[in-house]
Amino acid sequence: MSMQYQMESSHIADYGLWTLPGIDFPLRGPPVAIDGKAPAISFLGAAQVFGTFVNHPFPNLLGEMLSARVINLANGGAGPGLYANRPELIDLVNRSSACVIQVMSARSSMQNKYMTSLNGRASVRVTYPDGRTEDSLGHHALLKIGREISRQAFSDLVAETLDNYLAQYRTLCAAITVPKVLLYVGPNPPIADVTSDDWTPERLVGTHPHLVTQSVFAELQSLCDATVSVVGKEGMDKRLLNRFTGEHTSIKRSETYTITNHRAYIPPHMHVRTALELSPVVEPLLAP
């Protein structure tokens, strides 16, 4: 996804992509001296942590605030399964001073009775009850299959998906030996836990980070040393700007979906807020 972002939106932001031996996807820049002596902060997450459509993502802002090196290992659509069993990535994290781990969407790295993660990111291969197969984004696949199975079966499917999601986070957090800061960032807080039969598939799936309920969030918190939560919609209506022409611009991703503002990910406002909220939590973890 890093290269896809570069190809579709380099006129909006300079991602400064760079590579490391043994890592099979480009990293958000600027490049960092991996063996430098200054403290380092590693980051795991999806597009919000990568900083899609922004020139100054919160990992870079935080690094500058704290005079620390930044190892941004975020990748668009990433789920915990992208990192959980990747020793080459875990090694980089454990060479840092602290790690910020995003609450990634449970639609990513999705594994359940009907779906298999394709690459640890947002896409899954769905096998429908009648044997049909299809590749789809995880949250779309859930809603499609929800139309073909009973309410109870759908509820069980969501529970199975979340069990696997939490297991991936447990594996990931157990492998990380440096202090871990869990980060929840987005326009909406975690989904309220369903306590009755008054629900719809759309309510259970929610928006990004899909499927993450209050109880799921609480369990993720228990796996980390600290938690930072940044929720809000300020700046999402701001238009995308072509940095070369100085004019507002847009990105057409399909015949029915054109991106014109920062609503698709998190806007610059939220990146600044996130860096400010993380700073007092992360700074004590960098002390020698």
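All figures in this text were calculated on a predicted structure; none of them were measured in a lab. (Residues numbered from 1 in each chain as written. Predicted model: local features only at pLDDT ≥ 70, side-chain atom pairs only at ≥ 80, totals over all residues. Heavy atoms only, no water.)

**Q** When you look at the pattern of salt bridges in this model, what are you seeing that I'm missing?
**A** Between side chains of opposite charge, a pair can form when the charged atoms approach closely. Scanning the model with the defined rule gives twelve salt bridges in all. With a shortest N-O distance of 2.8 Å, Glu 234 and Arg 273 are connected by a salt bridge. Linking Glu 234 in the loop between strand E8 (226-231) and strand E9 (240-241) with Arg 273 in helix H10 (residues 268-282), this pair joins segments that are 39 residues apart in sequence. Where salt bridges share partners, they join Asp 24, Arg 86 and Glu 88 into one cluster. (Salt bridge = Lys/Arg side-chain N within 4 Å of Asp/Glu carboxyl O. Helix = DSSP H or I, 4+ residues; strand = E, 2+ residues; numbered from the N terminus.)

**Q** For this particular structure, what's the right way to read helix H6 (residues 138-146)?
**A** Residues separated by three or four positions in an α-helix point in the same direction, a consequence of the helix having 3.6 residues per turn. The set of residues buried in H6 consists of Gly 138, His 139, Ala 141, Leu 142, Ile 145 and Gly 146. The buried residues of H6 all sit within an arc of 160° when viewed along its axis, so they share a single face. (Buried < 20%, exposed > 50% of the residue type's maximum accessible area, 1.4 Å probe, protein only. Arc of directions from axis to C-beta.)

**Q** Would you mind going over the side chain of Asn 75 with me for this structure?
**A** Of note, Asn 75 is situated in the loop between strand E2 (69-72) and helix H4 (80-84). Within the structure, Asn 75 has its side chain in polar contact with the side chain of Arg 121 (distance 2.5 Å). (Polar contact = N/O pair within 3.5 Å; in protein donor to acceptor, adjacent residues only side chain to side chain.)

**Q** What is the right way to look at the state of the cysteines in this model?
**A** As used here, a disulfide is simply a covalent bond connecting the sulfur atoms of two cysteines. Counted according to the given criterion, the structure contains zero disulfides. This cysteine, Cys 99, is not joined by any disulfide, and Cys 224 carries the nearest cysteine sulfur, 8.3 Å off. With relative accessibility at 0%, the residue Cys 99 sits in the buried group. The cysteine Cys 224 is free of any disulfide, with Cys 173 supplying the nearest cysteine sulfur at 4.1 Å. (Disulfide = S-S within 2.5 Å.)

**Q** Looking at this model, I keep getting lost on the sheet that holds strand E7 (residues 180-186). Mind explaining?
**A** Where strands meet in a sheet, backbone hydrogen bonds hold them as pairs that are either parallel or antiparallel. On the basis of which strands lie adjacent, the open sheet formed by five strands has the order E2-E1-E3-E7-E8 and parallel pairing. At either end of the open sheet lies a strand with only one pairing partner, and these are E2 and E8. This sheet shows a mean twist of 20° between the axes of neighbouring strands, independent of strand direction. Summarising the sheet, strand E3 (residues 98-102) and E7 pair through four bridges and their orientation is parallel. The residue of E7 that forms the bridge with Gln 102 is Leu 183. (Pairing = 2+ DSSP bridges. Axes fitted to C-alpha atoms, helices over the stretch in contact; angles between N-to-C directions.)

**Q** Got a minute to help me understand the side chain of Asn 72 in this structure?
**A** Within the secondary structure, Asn 72 is located in strand E2. Asn 72 gets classed as buried once you look at its relative accessible area, which sits at 3%. Among the polar contacts made by the side chain of Asn 72, one reaches the main-chain carbonyl oxygen of Val 49 at a distance of 3.1 Å. Beyond its immediate sequence surroundings of up to four residues, Asn 72 is in contact with Leu 27, Arg 28, Phe 43, Val 49, Phe 50 and Pro 59. (Contact = heavy atoms within 4.5 Å.)

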